[in-house]
Amino acid sequence: MNELKLSGLTKFFGDFAAVQDVDVTVQADEVLCLLGPSGCGKTTTLRMIAGLESATKGCVFFGDRDVTALPARDRDVAMAFQFYALYPDLTVGQNLVYPLQAEGASPEEAADRLGQIADILQLSEVLDRYPHQLSEGEKQRVAVGRCVIRAPNAFLFDEPLSRLDAKLRDEMRGSIRKVLATLDRPTVIVTHDQLEAMTMGDRIAVMRDGKVEQVGRPLDVFERPANTFVAGFIGTPQMNLISGRCIAANDRELAIETAGHTISVSSDPFQTLPPEGAEVTMGFRPRAAARSAEGISLKSAKVFLCENMGAETLVHSDWAGQSIRALLQGPGWPEGQAHDVEVSEVALTLFGPDGTRIRRKSEQEAA
Ligand code: ATP
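Residues numbered from 1 in each chain as written. Predicted model: local features only at pLDDT ≥ 70, side-chain atom pairs only at ≥ 80, totals over all residues. Heavy atoms only, no water.

Draft legend 1. Quick look at the overall build of the protein chain. Secondary structure summary: the protein chain contains nine helices and 19 strands in total. Taking the principal axes of its C-alpha atoms as reference, the protein chain extends roughly 75 × 45 × 40 Å. The 367 residues of the protein chain split such that 50% are buried. Considering only contacts within the protein chain whose residues lie at least 6 apart along the sequence, 66% involve residues at least 24 apart. For the protein chain, the accessible area works out to roughly 16900 Å², and carbon and sulfur atoms hold 48% of it. Across the protein chain, the 38 positively charged side chains and the 51 negatively charged ones have centroids separated by 1 Å. (Helix = DSSP H or I, 4+ residues; strand = E, 2+ residues; numbered from the N terminus. Buried < 20%, exposed > 50% of the residue type's maximum accessible area, 1.4 Å probe, protein only. Contact = heavy atoms within 4.5 Å. Areas by Shrake-Rupley, 256 points an atom, 1.4 Å probe, with all protein chains shown as cover. Lys, Arg positive; Asp, Glu negative; His and termini not counted. Charge placed at Lys NZ, Arg CZ, Asp CG, Glu CD.)

What follows is the structure, given as structure tokens:
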């Protein structure tokens, strides 16, 4: 089956660039999540793929076929929106097979596919019910089922879980993932929820202000974010990002000054070094912060909030005027006290003056 390719895809509303130069290819058996904050251009990108929005520049290809100029009805994509509209007078089963009947599938074919989809989405027990007799989660599953029952050129989902409560979302992520694994078509899911993107996507495209900041497998984006924006957007609790100035960068040492404190690390692991005097950012995940570690120490961080998260405590401290989050096993540190937050050097991520991550030599070796 064919891949979906976006090439230089751009959308202007007047002189406002909602989507700019998006280049990404989604393989036939791949799920790509478009992830980013509200207004970054995710839905507009999806709508351009569907043909519901015209592109100002750039192209959409299904395989080798340029479909940019085709209207939505001629693109043969299946799309599920956050506001699912089920036909109220049709049963679940009828709702599900409706798209198949509309394209002339035989009754045997329709019954076969209905059985498969109902089974995966756990709807077999409710096939004879009407939409008003369903829970929200069931309705959402019917909407997803109706979308995936056909075999179109591509599947597009816009915030498929946004209307569900946390528990149902957890359940639905699994169901959708299962059903997506059976589809041999490029699939694009729009979400602003990074957990959804991490769990449902084979790859994630992180967007900001209409542009794609990084495309990668979930773990790659988490472990090797392209820049400070991606680093801050992916991961809960959010990565700590401490800004400072490089005061020494030589073959032994990299020293960074921040609000009167100097942090020194070995320069050896990094492929390049920032010039002395450059603004840099040090990042580390809250989970990497420890009571004691061989590495850097943020001395006397003052604890101002402890959030009990069950087995762990998220401790917020003020260090040199910057807010630091540490996720600690057990009860954490008492509020009001000062503690040293320690981080091993391998857990440090370093970003250069333009916010781009400085690669480690180990990445070069691994590549
Ligand atoms: P959300 O997560 O809130 O749905 P999004 O990432 O999907 O956001 P889009 O809906 O693609 O964002 O919108 C991108 C930008 O384009 C926003 O600033 C939005 O206000 C703007 N925009 C979208 N549609 C139009 C339109 N028809 N006319 C003018 N501006 C628009």
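From this point, things continue past the structure.
Draft legend 2. Highlighting the packing of helix α4 (residues 136-148) against helix α5 (residues 166-181). Where α4 contacts α5, the two axes come as close as 11 Å, and the packing angle between them is 20°. Put simply, α4 runs roughly parallel to α5. In terms of crossing hand, the pair formed by α4 and α5 is right-handed. Along the contact surface, α4 presents Glu-136, Gly-137, Gln-140, Arg-141, Val-144 and Val-148, while α5 presents Leu-168, Met-172, Ser-175, Ile-176 and Val-179. Residue composition of the contact of α4 with α5, by class: six nonpolar, three polar and two charged. (Axes fitted to C-alpha atoms, helices over the stretch in contact; angles between N-to-C directions. Parallel < 35°, antiparallel > 145°, perpendicular 65-115°, else oblique. Left-handed = near helix turned anticlockwise from the far one by under 90°. Nonpolar A, V, L, I, M, F, W, Y, C, P; charged D, E, K, R; others polar.)

Draft legend 3. Representation of the site of the ligand in the model. The ligand sits among Phe-13, Phe-16, Ala-18, Pro-37, Ser-38, Gly-39, Cys-40, Gly-41, Lys-42, Thr-43 and Thr-44. The contact in question runs from an oxygen atom of the ligand to an N or O atom on the side chain of Thr-44, over 2.5 Å. For the ligand, whose unbound accessible area comes to 630 Å², protein coverage reaches 58%. When residues of the shell around the ligand are traced back to their parent elements, those giving at least two are β2 (16-26) and α1 (42-50). By residue number, the principal contributor to the shell around the ligand is α1, which donates three residues. For the shell around the ligand, the per-class residue count stands at five nonpolar, five polar and one charged. (Near = heavy atom within 4 Å. Polar contact = N/O pair within 3.5 Å; in protein donor to acceptor, adjacent residues only side chain to side chain.)

Draft legend 4. Up close: the pairing of β2. The pairing of strand β1 (residues 4-13) with β2 spans seven bridges and is antiparallel. Residue Lys-5 lies in a different strand from β2, and its bridge partner there is Thr-25. (Pairing = 2+ DSSP bridges.)

Draft legend 5. Molecular detail of the layout of surface pockets. In this model, the largest pocket occupies a volume close to 370 Å³. Those elements that provide at least two residues to the lining of the largest pocket are β6 (77-80) and α4. The element that contributes the greatest number of residues to the lining of the largest pocket is β6, accounting for four residues. Here the lining of the largest pocket is composed, by residue class, of 14 nonpolar, no polar and three charged. (1 Å grid on protein atoms, 1.4 Å probe; cavity = no way out; pocket = protein on both sides within 12 Å on 5 of 7 lines; lining within 4 Å. Points joined across faces, edges and corners; volume = space filled by probe spheres on them.)

Draft legend 6. Structural view of helix α2 (residues 92-102). Among all positions of α2, only Val-92, Gly-93, Asn-95, Leu-96, Val-97, Pro-99 and Leu-100 are buried. Tucked into the core, α2 has its buried residues touching α3 (107-120) and α4. Just past α2, the residue Gly-104 takes up positive phi, approximately 85°.

Draft legend 7. Structural view of unusual backbone geometry. Of note, the amide linkage connecting Thr-236 to Pro-237 takes the cis form, showing an omega dihedral of -10°. By the secondary structure assignment, Pro-237 is in the loop between α8 (228-233) and β11 (240-249). If you check the backbone angles, Asp-21 has positive phi at about 50° while not being a glycine. Among the structural elements, Asp-21 can be located in strand β2. Judged by its relative accessible area of 46%, Asp-21 is partly exposed. The backbone of Ser-300 sits at a positive phi, close to 50°, despite the residue not being glycine. Mapped onto the fold, Ser-300 is located in strand β15 (residues 295-308).

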